[in-house]
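In case you want the letters, here they are:
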Amino acid sequence: MIRKLTDQDHQQVLAFLGEEPSINLFIIGDIEAFGYSSESQELWAEFDEQNTIIAILLRFHQSFIPYAKGEFDPSGFVSIIKEYSQPILLSGKSEIVAKFEAYDDLQLGKKQVTYFAECRTDECLSPDNVVYKKASIEDVDQILELRKSIEEFYVRDDARDVLVQSIEANTSRTYFTEDNGVMTACVSTAAENSMSAMIVGVCTRKEYRRKGLATSIMKKVVQDVLNEGKTLCLFYDNPEAGRIYKRLGFKDIGMWTMHR
């Protein structure tokens, strides 16, 4: 049976998701920030005969994230997803997303598979003298302008609304460097919750690369989040970037698939 989740399901939902808090960072963060009755967010679950959750589907704006620990029936979730504008944005553990890829009538966006890594220690960090600032809502347009200048980045149409909402809800923070008022590099978090945070949007303006700016900002973000007792997570598919992240203390824990 599949039904929409409500506040009354909260404890069972967190117990289910909490067994893999890093993998479920986005779902946990969105639940803590926006709950079960926000216009921008909905959650459904598949239950077994004992009324125990066996799979969850999150919709946040136009993005969907499914999660399950074992076998489940994706067809019910597919029926729900098809009620929304296609193609859809779908992401999650690669082995779970693969079950949805088998449905030809589900219009999925461009596929990207990345490594999923986490950091639990600051023992690899070293101080430096790079001067940075913490972004406010007034800096959102500059952040997006910098991200759009990066060829490898995909910036969604609703990126501004999502970023503003996340900053207001304290589920995102951005640190950046600047030169004469121009943002030169930035690093953001996303889906921050009581247990973890995701590193996203690591970027440097082309003419300021190879100066270690993004790495220095990463150190600050990692240190601040770890000091709050949280785990850091990130995606990467660039081997060079992976080597940098591992020097900062990140370790691979799985693969993540995104259709966008």
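Residues numbered from 1 in each chain as written. Predicted model: local features only at pLDDT ≥ 70, side-chain atom pairs only at ≥ 80, totals over all residues. Heavy atoms only, no water.

Just to check I follow, could you spell out a nonpolar patch on the surface for this structure?
Judged by side-chain polarity, V113, Y115 and M255 come together as a nonpolar surface patch covering roughly 240 Å² of accessible area. With respect to the helices and strands, the residue M255 is situated in strand β12 (residues 251-259). For M255, a relative accessible area of 32% translates into the label partly exposed. (Patch = residues over 30% accessible without salt bridge, like charges linked within 9 Å, V, L, I, M, F, W, Y side chains within 5 Å. Areas by Shrake-Rupley, 256 points an atom, 1.4 Å probe, with all protein chains shown as cover. Salt bridge = Lys/Arg side-chain N within 4 Å of Asp/Glu carboxyl O. Helix = DSSP H or I, 4+ residues; strand = E, 2+ residues; numbered from the N terminus. Buried < 20%, exposed > 50% of the residue type's maximum accessible area, 1.4 Å probe, protein only.)

Would you explain the nonpolar core in this entry?
Side chains of a nonpolar character, in soluble globular proteins, are inclined to be buried together. Ranked by internal contacts, the top residues of the largest apolar core, which has 68 residues, are L17, I56, F100, L234 and F250. The biggest single contributor to this core is helix α7 (residues 213-227), with seven residues. Non-local contacts of F100, meaning those with residues more than four positions away in its chain, are made with P66, F72, P74, F77, V78, I81, L90 and L106. In terms of nonpolar packing, the next biggest core, distinct from the first, is built from 14 residues, A135, L146, I167 and M183 among them. (Core = buried A, V, L, I, M, F, W, Y, C linked by side-chain atoms within 4.5 Å. Contact = heavy atoms within 4.5 Å.)

Please explain unusual backbone geometry as it appears in this structure.
Looking along the chain, the bond that leaves Q86 and enters P87 is cis, with omega of -5°. In this model, N51 sits at a positive phi of 65°, which is unusual for a non-glycine residue. Of note, N51 is situated in the loop between β2 (41-47) and β3 (53-60). Residue classification places N51 among the partly exposed positions, given a relative accessible area of 42%. Phi angles above zero are rare outside glycine, and N170 is one such case at about 60°. Tracing the sequence through the fold places N170 in the loop between α6 (159-168) and β8 (174-179).

Got a minute to help me understand the environment of Y208 in this structure?
In this structure, Y208 sits in the loop between β10 (196-204) and α7. In the structure, Y208 is positioned 45 residues away from L163 in sequence and 24 Å away in space, judged by C-alpha atoms. Setting aside chain neighbours within four positions, we find Y208 in contact with D179, T184 and L213.

Is there a simple way to think about the side chain of E192 in this case?
By the element assignment, E192 lies in the loop between β9 (182-190) and β10. Of the polar contacts made by the side chain of E192, one reaches the side chain of R173; its length is 2.7 Å. Every residue in contact with E192, bar those within four places of it in the chain, is listed here: G29, N170, T171, S172, R173, A197, E228 and K230. (Polar contact = N/O pair within 3.5 Å; in protein donor to acceptor, adjacent residues only side chain to side chain.)

Looking at this model, I keep getting lost on the pattern of salt bridges. Mind explaining?
In a structure, side chains of opposite charge can pair up when their charged atoms sit close to one another. Scanning the entire structure with this criterion turns up 22 salt bridges. Two residues, E145 and R205, come together in a salt bridge whose shortest N-O distance is 3.0 Å. On the criterion of sequence distance, the pair formed by E145 in helix α5 (residues 140-148) and R205 in the loop between β10 and α7 is long-range, its members being 60 residues apart. The buried category is assigned to R205, whose relative accessible area is 11%. Close ionic contact of R173 with E228 constitutes a salt bridge, the shortest N to O distance being 2.9 Å. Highlighted residues: R173 in the loop between α6 and β8 and E228 in the loop between α7 and β11 (231-236), separated in sequence by 55 residues. For R173, a relative accessible area of 10% corresponds to the buried category. Judged by relative accessible area, E228 falls into the partly exposed class, the value being 42%. Residues participating in the shared-partner salt-bridge network are R173, E192, E228 and K230.

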